[in-house]
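Coordinates in review
If you want the building blocks of each chain, they are given just below.
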Amino acid sequence: MSVDVKYQTSAKATGSGRNGFAGLENGQLSATMASPKDLGGSGLGHNPEEFFAIGYAACYLGAMRFAAGAEKLGSVPDDATVTATVGIGPRSDGGFGLAVTLKVSLPGVERPVAEKIIERGHFICPYSNATRGNIEVKTELL
């Protein structure tokens, strides 16, 4: 599979990775990084899972809006939300892995239509495409 890249960005991490500093090379976003207390860190900073959750939630909401319009499934209401919860832990075969839950709220959208929008959003969303078959992603329609 090839990708016709239309946009790209770069970020740099320094320090020890999970404990250090990371930011976009254009200077528009930067953060002190710190392992969460649950993983033995100080928790006095941000971690990669937080940024992954933010990115996935925003991207998936956009993908659902795109799918609804492009496939004439109706509209996604202005007050729609996606809450992405990202977990990290050891994998049974070694290393660490991620698990994601996407909680979707589509107020006023009939359940069968909402389920179709959620399904098509997964097909379109680049985060969903990148993680498919690699990590467990669950969706919940609220």
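Above this text is the structure in question.
Please read these numbers as outputs of a predicted model, since none were measured by experiment. (Residues numbered from 1 in each chain as written. Predicted model: local features only at pLDDT ≥ 70, side-chain atom pairs only at ≥ 80, totals over all residues. Heavy atoms only, no water.)

Here the structure, examined in full by the defined rule, presents 4 aromatic pairs. Ring centres of F52 and Y127 lie 5.5 Å apart, and the angle between their planes is 55°; this geometry places the pair in the tilted category. Here F52 is found in helix 1 (residues 48–70), whereas its partner Y127 is found in helix 3 (residues 126–131), with 75 residues between them in sequence. For Y127, a relative accessible area of 27% puts it in the partly exposed group. Taking the centre distance of 6.4 Å and the plane angle of 80° together, the rings of Y56 and Y60 count as edge-to-face. Placement of the pair is Y56 and Y60 together in helix 1, with a separation of 4 residues, close to one helical turn. Members of the aromatic cluster, joined through ring pairs, are F52, Y56, Y60 and Y127. (Phe/Tyr/Trp six-rings, centres within 6.5 Å; stacked < 30°, edge-to-face > 60°. Helix = DSSP H or I, 4+ residues; strand = E, 2+ residues; numbered from the N terminus. Buried < 20%, exposed > 50% of the residue type's maximum accessible area, 1.4 Å probe, protein only.)

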